[in-house]
Amino acid sequence: TLYVTLEPCRHWGKTPPCAQAIKKTGITRVVAGSRDPFQKGHSTSIFLKGSVANQCQELNKFFFTWVTKKRPYITAKIAMSTDGFVGKPGQRVHITNRAQDRMVHRLRAQHQAILVGVNTVIADDPQLNVRLVRGQDPLRVILDSHLRIPRKAKVLKDQNYLIATCVRRPLKGLNTWVSAGKQVNLKVLFRELARRGISSILVEPGPTLYRSLHRARLIDELMVFVGKKKIGKGLPFPLHS
């Protein structure tokens, strides 16, 4: 008996069908924790139910969202003070502690892409990479409708980035994706990233971007890191708007 978290595939992709390879080994019974939404029809697997099945669903949430919703799984990460504020643009306030910072970097390593708005890049000049844990850097995606990003921004230090803009003739040498309209269409952008094989995105939004994601129902998981300090001023975060 073979126990697997996901139903063995029966189709050809980049690799041959898993079910075919299993059959060749002589294994006669397969118990799977979750169904593969990519394939339909009869399956010879036995499927688990209950808490174990739920754990398998959690393990494969990126893949399931990519297949069923045709977009990446979207995790929104927010850091705020105990009194509910985030720093204003240009206001350097470190809200989280070292342990929380490591958790954030672990999240970055677990996602294929990270997304921020251009205001965050202009105000903070972040690196958006993985430093405090071991892991691969995600693709850096910058929402920049009017192409205001500074050419010396740290996020442009190598080719592992994509600027989503509405500027029809972007500057040469920049990796860009052009959206129709005056503002980047988030749903279309996410479909494009899914087409490129991106199944998970960590969004580190400011209040404006968070509000746009929330209203468009584009947040699959929300993670809020609350620091121990009060800053008494800044921008209130619109968690319920």
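Described below are features of the structure shown in this document. (Residues numbered from 1 in each chain as written. Predicted model: local features only at pLDDT ≥ 70, side-chain atom pairs only at ≥ 80, totals over all residues. Heavy atoms only, no water.)

**Thoughts on the nonpolar core**
By size, the foremost hydrophobic cluster in this structure holds 21 residues, and its most contacted members are Leu-115, Leu-143, Leu-189, Phe-190, Leu-193 and Ile-201. Of all elements in the fold, only strand E6 (113-117), strand E7 (139-143), strand E8 (161-165), helix H6 (186-195), strand E10 (200-203) and helix H7 (207-215) reach the threshold of two or more residues within this core. Counting residues per element, this core draws most heavily on H6, at four residues. With 18 residues, the next largest nonpolar core counts Leu-107, Leu-156, Tyr-161 and Leu-202 among its residues. (Core = buried A, V, L, I, M, F, W, Y, C linked by side-chain atoms within 4.5 Å. Buried < 20%, exposed > 50% of the residue type's maximum accessible area, 1.4 Å probe, protein only. Helix = DSSP H or I, 4+ residues; strand = E, 2+ residues; numbered from the N terminus.)

**Thoughts on the pairing of strand E4 (residues 73-80)**
In terms of burial, E4 is a largely internal element, seven of the eight residues being buried. Bridge analysis of E4 against E10 gives four bridges, and the strand direction is parallel. Directly across from Tyr-73, in E10, lies its bridge partner Ser-200. (Pairing = 2+ DSSP bridges.)

**Points about the side chain of Glu-204**
Positionally, Glu-204 belongs in the loop between E10 and H7. Given a relative accessible area of 12%, Glu-204 falls into the buried group. A polar contact is formed between the side chain of Glu-204 and the side chain of Arg-108, at a distance of 3.0 Å. Those residues in contact with Glu-204 that lie beyond four places of it in its chain are Lys-77, Val-104, Arg-108, Ile-114, Leu-115, Val-116 and Leu-128. (Polar contact = N/O pair within 3.5 Å; in protein donor to acceptor, adjacent residues only side chain to side chain. Contact = heavy atoms within 4.5 Å.)

**What to know about unusual backbone geometry**
Positive phi, normally seen in glycine, also occurs at Lys-70, with a value near 60 degrees. Along the chain, Lys-70 turns up in the loop between helix H3 (61-68) and E4. Despite not being glycine, Leu-147 shows a phi value in the positive range, around 55 degrees. Within the element layout of this structure, Leu-147 appears in the loop between E7 and E8.

**Some words on a positive patch on the surface**
On the surface, Arg-98, Arg-102, Arg-106, Arg-131, Lys-154 and Lys-157 cluster together to form a positively charged patch. Relative to the helices and strands, Lys-154 is located in the loop between E7 and E8. (Patch = residues over 30% accessible without salt bridge, like charges linked within 9 Å, V, L, I, M, F, W, Y side chains within 5 Å. Areas by Shrake-Rupley, 256 points an atom, 1.4 Å probe, with all protein chains shown as cover. Salt bridge = Lys/Arg side-chain N within 4 Å of Asp/Glu carboxyl O. Lys, Arg positive; Asp, Glu negative; His and termini not counted. Charge placed at Lys NZ, Arg CZ, Asp CG, Glu CD.)

**Quick word on the environment of Thr-68**
Tracing the chain through its elements places Thr-68 in helix H3. Residues Thr-68 and Ile-201, spaced 133 residues apart in sequence, show a C-alpha to C-alpha distance of 16 Å. A polar contact is formed between the side chain of Thr-68 and the backbone oxygen of Phe-64, at a distance of 2.7 Å.

**Overview of a nonpolar patch on the surface**
Taken together, the side chains of Leu-222, Val-224 and Val-226 make up a nonpolar region of the molecular surface, amounting to roughly 210 Å² of accessible area. Inspection of the secondary structure assignment puts Leu-222 in strand E11 (residues 221-226).

**Points about the pattern of salt bridges**
According to the stated counting rule, one finds ten salt bridges in the structure shown. Its salt-bridge partner being Glu-7, residue Arg-10 comes within 2.7 Å of it at the nearest N-O pair. Residue Arg-10 is classed as partly exposed on the basis of its relative accessible area, which comes to 33%. Looking at Glu-7, the relative accessible area reads 4%, which means it is buried. Measuring nitrogen to oxygen at the nearest pair gives 2.7 Å for the salt bridge that ties Arg-71 to Asp-220. Highlighted residues: Arg-71 in the loop between H3 and E4 and Asp-220 in the loop between H7 and E11, separated in sequence by 149 residues. Accessibility expressed as a relative area gives 8% for Arg-71, which makes it buried.

**Brief notes about the sheet that holds E11**
Taken together, seven strands build an open sheet; the order of strands is E9-E8-E7-E6-E10-E4-E11 and the sheet is parallel. Pairing within the sheet leaves two strands with one partner each, and these edge strands are strand E9 (176-178) and E11. Pairwise comparison of adjacent strand axes, ignoring direction, gives a mean angle of 25 degrees for this sheet. Bridge analysis of E8 against E9 gives three bridges, and the strand direction is parallel. Looking at the pairing, Ala-164 lines up with Trp-177 of E9. Across the sheet, H7 is in contact with E4, E6, E7, E10 and E11; its angle to E6 comes to roughly 115 degrees. (Axes fitted to C-alpha atoms, helices over the stretch in contact; angles between N-to-C directions.)

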